Amino acid sequence: MSFEHLVAAAPTPRFGLGLAALGRPGYINLGRTEDLPVERTVSAMRDRAHEVLDAAYAQGVRYLDAARSYGRAEEFLAEWLDRRPEARDVVVGSKWGYTYTADWRDDAEVHEVKDHSVQTYDRQLIESRNLLGKRLDLYQIHSVTPDSPALTDPALHRRLARLGAEGVLIGLSTSGPSQADAIRAALTIRVDGAPLFRSVQATYNLLEPSAGAALAAAHEAGCVVIIKEGMANGRLAGGPADAASTAVLQQVAKEAGTSCDAAALAAVLHQPWADVVLSGAATVEQLTSNLRAATVQLDAEQLTRLATLAEPAGAYWQHRSQLPWS
């Protein structure tokens, strides 16, 4: 069964769980001090990851998203899959292109190093397969920008096409203010006449919707579209830090009888080209609240008001770059 059919057949279709906040002690999401154990040992984070994975599966989530740079996320996910043999119906995605360098510290000077070379691909594919084996359904280049050599390296493209021929879906994720340009460039890449990329994962939320038209084009071209950072790293959770800029969201959430996070994610789900929307929850409570978005109905007038929250892409990504690792 294809990736698209597996996810569409999920009890809670169109939602996935991203493990960026659960596989390592440090990340840029807001509120981690309150969300995570005081002692973020490997054991404590493993237990939390498995707890959230259990809750996600119980609530019908069937797409799980990791990356080589998410600390021990692939390891935690592999362990969970091993002890949950009934979870044969989940789709597993991971990413390569960043190397985790923080050595399990949340105060490291450098947390990850980007490299989209063939050599890094070869090494990280072995690492991912050593952990996930044949459960790896989707392998994505991590955080492609328009200047990434991954868009112009024919040797890498042939390597990726070879993996695709083995049944692994080939995708990319994008970051930065020029996501749309990276997506459109990726859609033109072909190997032996066939499109290389069959999945695109991008940041899209009420504050940063600039990739919307390019994502619609990717969907029209037959790609699976996965949305990350729908909560803008916690900025759309309705907390006091962003209360002024998200007052409209709070009002719409009140009208809809739901929480700010559910309303923000519901707005993303209203995009017909958004095949899978990731929850980046660090707690079961956050996950449950995020998934309520699937039942939230927003009318055209509410969506129009929410659209006023959009920031210039450059300003959004500048703000994101200044979020502290914690």
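Check the entry above for the structure.
Below: a short report on this structure. Note that this is a predicted model, so its numbers are computed, not measured.

Considering the overall build of the protein
Thinking step 1. Along its length, the protein carries 13 helices and twelve strands.
Thinking step 2. For 326 residues, the compact-globule estimate of 2.2 N^0.38 gives 20 Å, and the C-alpha radius of gyration of the protein, at 18 Å, lies within 12% of that figure.
Thinking step 3. Reported as C-alpha extents along the three principal axes, the dimensions of the protein are approximately 50 × 45 × 40 Å.
Thinking step 4. Looking at the 326 residues of the protein, the share that counts as buried comes to 55%.
Thinking step 5. The contacts of the protein with a sequence gap of at least 6 include a subset with a gap of at least 24, amounting to 80%.
Thinking step 6. Of the roughly 13,300 Å² of accessible surface on the protein, a fraction of 53% belongs to carbon and sulfur atoms.

Examining the sheet that holds strand 1 (residues 15-18)
Thinking step 1. Read around the barrel, eight strands follow the order 1-2-3-6-7-10-11-12 and close on themselves; strand pairing throughout is parallel. Taken pair by pair, the neighbouring strands of this sheet meet at an average axis angle of 25°, ignoring direction.
Thinking step 2. Bridging between strand 2 (residues 63-65) and strand 3 (residues 91-96) involves three bridges; their strand directions are parallel. Each bridged residue has a counterpart across the sheet, and for Asp65 the counterpart in strand 3 is Gly93.
Thinking step 3. With respect to the sheet, helix 6 (residues 154-165) is in contact with strand 3, strand 6 (136-144) and strand 7 (169-174), its orientation differing from that of strand 7 by roughly 130°.
Thinking step 4. In this fold helix 10 (residues 260-269) packs onto strand 1, strand 11 (224-228) and strand 12 (276-279), with an angle of close to 160° to the strand it touches most, strand 12.

Quick notes on the nonpolar core
Thinking step 1. Counting residues in hydrophobic clusters, the biggest one holds 99 residues, and the most contacted among them are Leu17, Leu77, Leu160, Phe197, Leu215, Ile227 and Leu249.
Thinking step 2. A per-element tally of this core places helix 10 first, with nine residues.
Thinking step 3. Setting aside residues up to four positions removed in sequence, Ile227 forms contacts with Ala202, Tyr204, Leu215, Val268, Trp273, Ala274, Val276, Val277 and Leu278.
Thinking step 4. The next biggest cluster of nonpolar side chains, apart from the first, holds eight residues, and it includes Val91, Leu138, Leu169 and Leu278.

Observations concerning the pattern of salt bridges
Thinking step 1. The final tally for this structure, using the stated rule, is 21 salt bridges.
Thinking step 2. Arg46 serves as the salt-bridge partner of Glu75, at 3.2 Å between the closest nitrogen and oxygen. A residue pair is termed long-range when its members are at least 10 positions apart, and Glu75 in helix 4 (residues 73-83) and Arg46 in helix 3 (residues 42-58) qualify at 29 residues.
Thinking step 3. Between Glu229 and Arg320 there is a salt bridge, with its nearest N and O atoms 2.6 Å apart. Taken as a pair, Glu229 in the loop between strand 11 and helix 9 (247-256) and Arg320 in helix 13 (residues 313-321) lie far apart in primary sequence, 91 residues in all.
Thinking step 4. Note on Arg320: relative accessible area 22%, which makes it partly exposed.
Thinking step 5. Shared partners join several salt bridges into a network, and the residues in it are Arg46, Arg72, Glu75 and Glu79.

Topic: the packing of helix 7 (residues 179-187) against helix 8 (residues 212-220)
Thinking step 1. For the pair helix 7 and helix 8, interaxial distance at closest approach is 8 Å and the crossing angle is 20°. Classed by the angle they form, the pair helix 7 and helix 8 counts as roughly parallel. For the element pair helix 7 and helix 8, the recorded crossing hand is left-handed. The residues of helix 8 that touch helix 7, namely those facing Ala180, Ile183, Arg184 and Leu187, are Ala213, Ala214, Leu215, Ala217 and Ala218.
Thinking step 2. For the contact of helix 7 with helix 8, a count of residues per class yields eight nonpolar, no polar and one charged.

What to know about the pairing of strand 3
Thinking step 1. Extensive coverage of strand 3 is indicated by the burial of six of its six residues.
Thinking step 2. Burial along strand 3 is two-sided: the residues Val91, Gly93 and Lys95 and Val92, Ser94 and Trp96 are all buried.
Thinking step 3. One crossover worth recording links strand 2 to the parallel strand 3 by way of helix 4, and it is right-handed.
Thinking step 4. In this structure, strand 3 lies alongside strand 6, joined through five bridges in parallel fashion. Within strand 6, the position partnered with Lys95 by the bridge is Gln140.

The rules behind these values
Chains are numbered independently. Their residues run from 1 in the order of the written sequence. The predicted nature of this model means local features are confined to residues of pLDDT at least 70 and side-chain atom pairs, given and counted, to a pLDDT of 80 or more, with totals for whole chains, interfaces and linings taken over all residues. Computation of side-chain values: all heavy atoms of the structure, hydrogens and water removed. Elements are defined by DSSP. Helices are runs of H or I of four residues or more, strands are runs of E of two residues or more, and each kind is numbered from the N terminus. Radius of gyration means the value over C-alpha atoms here, while the globule rule gives 2.2 Å times the residue count to the 0.38 power. Buried, partly exposed and exposed residues are distinguished by accessible area as a fraction of the type maximum, computed with a 1.4 Å probe on protein chains only: under 20%, between the cut-offs, and over 50%, respectively. In what follows, residue pairs with any heavy atoms lying within 4.5 Å of each other are defined as contacts. All accessible-area figures derive from a Shrake-Rupley calculation using a 1.4 Å probe, and residue coverage is judged against the displayed protein chains alone. Between any two strands, at least two bridges found by DSSP are needed for them to pair. Each axis is a line fitted through C-alpha atoms, taken for helices only over the stretch in contact, and angles between the N-to-C directions span 0 to 180 degrees. In this text, buried Ala, Val, Leu, Ile, Met, Phe, Trp, Tyr and Cys residues form a nonpolar core when linked through side-chain atoms within 4.5 Å. Salt bridges are defined as contacts in which a side-chain nitrogen from Lys or Arg sits within 4 Å of a carboxyl oxygen from Asp or Glu. Oblique is the label for every angle not falling under 35 degrees (roughly parallel), over 145 degrees (roughly antiparallel), or within 65 to 115 degrees (roughly perpendicular). Helix crossings fall into two classes, left-handed where the near helix is turned counterclockwise from the far one by less than a right angle and right-handed where it is turned clockwise. In this classification, the charged set is Asp, Glu, Lys and Arg, the nonpolar set is Ala, Val, Leu, Ile, Met, Phe, Trp, Tyr, Cys and Pro, and all remaining amino acids, among them Gly, are polar. Handedness rule for crossovers: strands pointing away from the viewer, path from the first strand over the helix to the second running clockwise, crossover right-handed.

In short, the description is geometric, and any link to function would need to be established separately.
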